[in-house]
Protein chains: 2
Amino acid sequence: MTPSADLVISGCTILEPGLTFRTDATVVVRDGRIESIGDDPPGEAAHRIDARGQIALPGLINCHTHAPMVALRGLAEDLPTEEWFNDVVWPVESNLTARDVELGARLACAEMIRAGVTCFADHYFAMDAVAAVVEETGMRAHLGQAYFSSQGPKGREESLEFALRHREGAGGRITTTLAPHAPYTVTEADLAATAALAREHGLPVHLHASENRDQAETSLARHGVTPIDVLERTGILDTDVLIAHGTGILDRDLPVLARARGRVSVATAPRGYLKFAWPTTTPVRALREIGVPVGLATDGAASNNSLDVWESMALTALVQKSTTGDPRWLTARQALDHAGPQSARALGLGDRIGTLAPGMRADLVLVDLTGPHTQPVHDLAATLVHSARASDVRTTIVDGRVLMHERRLLTVDVQSVVTELTARLPALTDRAHGRRVQDYDT
Amino acid sequence: MTPSADLVISGCTILEPGLTFRTDATVVVRDGRIESIGDDPPGEAAHRIDARGQIALPGLINCHTHAPMVALRGLAEDLPTEEWFNDVVWPVESNLTARDVELGARLACAEMIRAGVTCFADHYFAMDAVAAVVEETGMRAHLGQAYFSSQGPKGREESLEFALRHREGAGGRITTTLAPHAPYTVTEADLAATAALAREHGLPVHLHASENRDQAETSLARHGVTPIDVLERTGILDTDVLIAHGTGILDRDLPVLARARGRVSVATAPRGYLKFAWPTTTPVRALREIGVPVGLATDGAASNNSLDVWESMALTALVQKSTTGDPRWLTARQALDHAGPQSARALGLGDRIGTLAPGMRADLVLVDLTGPHTQPVHDLAATLVHSARASDVRTTIVDGRVLMHERRLLTVDVQSVVTELTARLPALTDRAHGRRVQDYDT
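Parameters at a glance
- Residues numbered from 1 in each chain as written.
- Chains lettered and ligands numbered in written order.
- Predicted model: local features only at pLDDT ≥ 70, side-chain atom pairs only at ≥ 80, totals over all residues.
- Heavy atoms only, no water.
- Least-squares fit on C-alpha atoms with pLDDT ≥ 70 in both.
- Contact = heavy atoms within 4.5 Å.
- pLDDT = per-residue confidence, 0-100.
- Buried < 20%, exposed > 50% of the residue type's maximum accessible area, 1.4 Å probe, protein only.
- Helix = DSSP H or I, 4+ residues; strand = E, 2+ residues; numbered from the N terminus.
- Pairing = 2+ DSSP bridges.
- Right-handed = clockwise from strand over helix to strand, strands pointing away.
- Salt bridge = Lys/Arg side-chain N within 4 Å of Asp/Glu carboxyl O.
- Buried area = accessible area lost by both parts, 1.4 Å probe.
- Polar contact = N/O pair within 3.5 Å; in protein donor to acceptor, adjacent residues only side chain to side chain.
- Phe/Tyr/Trp six-rings, centres within 6.5 Å; stacked < 30°, edge-to-face > 60°.
- Axes fitted to C-alpha atoms, helices over the stretch in contact; angles between N-to-C directions.
- Parallel < 35°, antiparallel > 145°, perpendicular 65-115°, else oblique.
- Nonpolar A, V, L, I, M, F, W, Y, C, P; charged D, E, K, R; others polar.

With an unreviewed UniProt entry as reference, chain A is termed Amidohydrolase, source organism Streptomyces acidiscabies.

Next up, the structure:
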C-alpha cells in the first residue's frame, strides 16, 4: 500500500515544461517535491486542495531585490538616480539596524507570498536577519550580504562568512552568493579577490553592473572599459554571476558576455528604469540570442514601489515590444518562459524550481481566472500575462508547504509588523546627521 | 429636524480638490450628490459605511474604451496594428450582434466596477445595448455610436439619433456624443457634416485621431495635412471634441489645438501603445502646456487586455517620465490630477464628477491600503499611484448608489454573463466568411 502523500492538488490546469497547458491535472506532493502530475483520481493525502477552475504555475521568482527596503517605499519619489541615492537612500541606510532589516524582510515576504512569489534573490545588509525571516516564513531565497570597498576588507569577509554560514540553510531553501555592490563602488582589486573567493568556495556572485547607460559611458570615459569589461578582467565572469539590471550593456559587451567561462545571467526590473527615466532597458533580445538567461525582478520597493513580479512580467513584455519596435517579440508565452525557467536558471536553481515536473521542488501558485477582468479566455498565456494580476493568486506553496491559502497568509502577521515598523520610521528616515553609507559617483 | 441622509461614509481619508488629503472625514450623500464633507460625527442615514483606514478617491474615469470588446480579450495578440485590425478585429466585428454587445458591456461594467471605475466613454456599435447595460448596472457613461463613411449616410444619422435618444438618460448618468471613427475612415465631407450636427444639437464629438505616428505621416504624405489639420478644417475643432490616443500629434499640431474654438481634450491609453510597439506615446506634457486636458483610458480589452484604469494611471506616470527623460515630471500627484479632474474635464463633466466636494455627484471609491504591498506609507499619493492596485478598491459608488461593497458586485452576475458569452464565441470569432467591417489603410 502506497503511503499517503503530503499534499494533493486536483482539478487544475497546469503549465508544464515546454510552456504547454494540461487541463484537469492532479499534482501529488511528497517531501517537498512534486512526485507526479497526472490525471488519475487522487489517492490518500494528508492535505488536499480542490483547484478546479484554477491555473497552477511555477511560483514567481524575484531575481533581484533588496527586500527590507519596503520600509522606504514611497520615501524617495520622482528623483534622478544620483539624488535618489545620495540625498535619500544612502543617508537613510546609515541608520539601518538589524531589527529594521528583520521587520522589512518580514513585510516583504508577506507582500511577495501574496503576489505569488516563492523565491527571491536578495542583496542587502544585515542579511542574517533576512535569513532568519526566510526560515520563519517558509520562503525560498538566494541571499548575499552586500558590501562596498569603502567598508575595507571587512565587508568582503563578512559577505563570505554569511554565504558559508547560510549555504543550503532552512532545509535547503536558502542558497547564498557573494555580493559586491557594483563596479562603481567596489574596486577592481576587491572584485578580483571576490572572484577568487567564489572559485575557492564554489559560490556564485550577485552584483549590480552597467545598471544604466550613464554608468557604462562614464566607465568608458574614465577607464576606457565598460563595467562588463571590468567583470571580465577581474575574473568575475569566470564565476556564476547574476548581473542586476544591465540596461547599460552595450553591443561591444555582448561578445564578452558570450565568451564568459562562468554561468552569466541578468535580472531585469523594468518598472524602475521607466521611473528613473533611464534611456534604455535591459537588452533582453540580444541577451537571449547569446544564451544568457534573463530573470524577472522588482529591485527594492524604494525605487519600484512594490515587489510585484507579476507586474514585472507584463512590463517586460510591453517594454521589450516598445524598445525593439517589434510587436511580435516577447510574446506572452516568452514572458512565462522568463518568469519560470529563465528566472530559475538566472539563480542557478533551474534543476530545482521554475518548472512544474516530477522531481522538482513543489514551489507553485494557484491562480483564479474567474474574475470579470480575466474572462473570456481566448489565449491562456495572454490572459495570465496581460489580464491577470498578482491579486489573482489564491494559493502560494513553497517546498510543498502552503504559505497562503485563499489569500490568507499563514506564516506572517502583517499588522504586528506594520505597527512596529511604523514606530521605527522616524529614527530610520532621519537624515539630519548628514552621513551616508556610500557616495553615488559612477 | 434634518431628514436623514441616503448614505454616510465615516472615518476615511479623502482626496479633496487641490489634491490635498483630509483625514478622518465624514462624507454625507443625499439625492446622488455629496452634500457635505466634514469631521462632524455622522447624523441619521439610511445607509452607513465605516471607512476607517480607507482612502476615498473620485471614481476612476475611463476616457476612451470600447467596452464590449472584452469579448475579444486575448484574441489578437502580438500583432502589428494593421494585422490586428484587418486580420482579426474587423473581420470578427462583422459578426457582432446586439446580444454580443450587451453581454460584453455587462462583463466590462463588472470589470470596471471592481477596478474602481465609475464612468466610461464608450465608442462602439449597437450602443442602445450598452445604454441599457449602463442603466441596469448603475454605471455612469459617455456614449457614442461609432460610424465609418463606408456605411454611407446611415452611419452618421444613426450616431445622431443615438445621441439624441439617450442624452441625459439613466437619470442623468448617460451623456452622449457623436462618434465618427477617425479621419482615416471618415471622409472630410462626413467630418464637416458631423461638426455641423454637433453645433446644431449642442453635442460633443468623440473620435480617434493621430492615433500613431504612422497615421500622421501617411496623412502628411498623401494629403499634405496632419489628421489634426483635418479636424480643424472640417470644423471638428470648433466643437467639444475628445481625441483618442493622439500619439501621432506633432509639434506643428500644437498651435492648431491651442487655437481650437471648441473644448479639445485627449484620452491616453499607454498600455496599448507599448504593446503595438508604437514609436511614441501621447505628448501629455506638451498638451498640458497648451491647456488641453488629458484623461486616462484603457482603449478596448482586445488591445489593452484589461479595462484597468488604475494601471493606466501608473503607466502614464512611468511612460511620461521615460519618454521625456525627466524623472521629476508626471509625479504621483499629477497622475491623480489626470485620473480625477482632468479626466472629468476631458469628458465635459468637470462640473459633476472627478473631484470630491459638496454639490458634486457622489461617484467615489474606497481604497484599502492595509495590505503588505501598500505599507508603510511615506507619501500617500505615491502609495496610491505606484503601490496600490485596482484590486485594493473595496467599495465603488456611483450617484450615491453602492455598486460594489467589500469587493462584492451588487448589480452584475458575472457567472451568467460569462456562461452565455462563452457559448457565443465560436460564432462571434468565425472569420471564414472573409468579410470585415472596414479596411485599415491610413
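### Some points on the relation of the copies chain B and chain A
Once chain B is rotated about the relating axis by 180° and shifted along it by 0.0 Å, it coincides with chain A to within an RMSD of 0.0 Å. Accordingly, the operation relating the two chain copies is best matched by a two-fold axis. Measuring from the rotation axis to each C-alpha of chain B, the shortest distance belongs to Ser391 of chain B, at 3.4 Å. When you check the interface residues of chain B against chain A, 100% turn up at the interface there too, and the contact is symmetric in its surfaces.

### Concerning the confidence of the model for chain A
Caution applies to low-pLDDT regions: their predicted coordinates should not be interpreted in detail. Mean pLDDT over chain A works out to 97, with 99% of the residues at or above the 70 mark. On the interface metric, ipTM, the complex scores 0.97, and its pTM is 0.98.

### Quick look at the pairing of strand E8 (residues 140–147) of chain A
Residue and element names in this part refer to chain A. Counting buried positions along E8 gives eight out of eight residues, so the element sits mostly inside the fold. The side-chain alternation of E8 yields two buried faces, one formed by Arg140, His142, Gly144 and Ala146 and the other by Ala141, Leu143, Gln145 and Tyr147. By the bridge criterion, six bridges tie strand E7 (residues 117–124) to E8 in an arrangement that is parallel. Considered in E8, the bridge of His123 is made with Gly144. Handedness of the E7-helix H3 (residues 127–137)-E8 crossover: right-handed. Examined bridge by bridge, E8 and strand E9 (residues 174–180) share seven bridges and lie parallel to one another. Of the residues in E9, the one forming a bridge with His142 is Thr175.

### Let's talk about unusual backbone geometry
Cis peptide bonds are those with omega within 30 degrees of zero, and the linkage from Gln375 of chain A to Pro376 of chain A qualifies with -15°. You can see Pro376 of chain A is positioned in the loop between strand E14 (364–368) and helix H15 (380–387). We note that Ala126 of chain A has phi near 50°; this positive angle belongs to a residue other than glycine. Along the chain, Ala126 of chain A turns up in the loop between E7 and H3. Assessed through its relative accessible area of 26%, Ala126 of chain A is described here as partly exposed. One non-glycine residue, Ser210 of chain B, adopts positive backbone phi at about 45°.

### Examining the pattern of salt bridges
Counting across every chain of the model gives 63 salt bridges over all chains. Two residues, Glu311 of chain A and Arg389 of chain B, come together in a salt bridge whose shortest N-O distance is 3.3 Å. Here Glu311 of chain A, found in helix H13 (residues 309–324), pairs with Arg389 of chain B, found in the loop between helix H15 (380–387) and strand E15 (393–398), and the two come from separate chains. Each member of the pair, Glu311 of chain A together with Arg389 of chain B, is buried. Counted as one network, the salt bridges with shared partners bring together Arg99, Glu102, Arg106, Glu136 and Glu420 of chain A.

### As for the interface of chain B and chain A
Tallying the contact residues gives 57 residues for chain B and 57 residues for chain A. Between chain B and chain A the total buried area reaches about 4500 Å² when both faces are included, carbon and sulfur atoms providing 58% of it. On the chain B side of the contact with chain A, Asp78, Pro372 and His378 of chain B bury the most area, a combined 15% of that side's loss. Joining chain B to chain A, the criterion identifies eight salt bridges. Across the contact surface, chain B and chain A share 23 residue pairs in polar contact (both at pLDDT 80 or more).

### A closer look at the packing of aromatic side chains
For the structure shown, the criterion picks out 22 aromatic pairs over all chains. Plain terms: the ring middles of Trp90 of chain B and Phe148 of chain B are 5.6 Å apart, the flat faces sit at 80° to each other, and that makes the pair edge-to-face. Here the residue Trp90 of chain B occupies a position in helix H1 (residues 81–93), and Phe148 of chain B occupies one in the loop between strand E8 (140–147) and helix H4 (153–166), the gap between them amounting to 58 residues. There is no split in this pair, since Trp90 of chain B and Phe148 of chain B are both buried. Ring centres 5.3 Å apart and planes at 75° place the aromatic pair Tyr184 of chain B and Tyr440 of chain B in the edge-to-face group. Of this pair, Tyr184 of chain B sits in the loop between strand E9 (174–180) and helix H6 (188–201) while Tyr440 of chain B sits in the segment after helix H16 (414–429), placing them 256 residues apart in sequence. Within the aromatic cluster, the residues linked to one another by ring pairs are Trp84, Phe85, Trp90, Tyr124, Phe125, Phe148, Tyr184, Tyr273, Phe276, Trp278 and Tyr440 of chain A.

### A closer look at the packing of helix H13 (residues 309–324) of chain B against H15 of chain B
Residues and elements named next belong to chain B. Across the interface, H13 lies against H15 with an axial gap of 8 Å and an inter-helix angle of 105°. Taken together, the axes of H13 and H15 lie roughly perpendicular to each other. Of H15, the residues touching H13 (which contributes Trp310, Met313, Ala314, Ala317 and Leu318) are Leu384, Val385 and His386. Its residues assigned to classes, the contact of H13 with H15 shows seven nonpolar, one polar and no charged.

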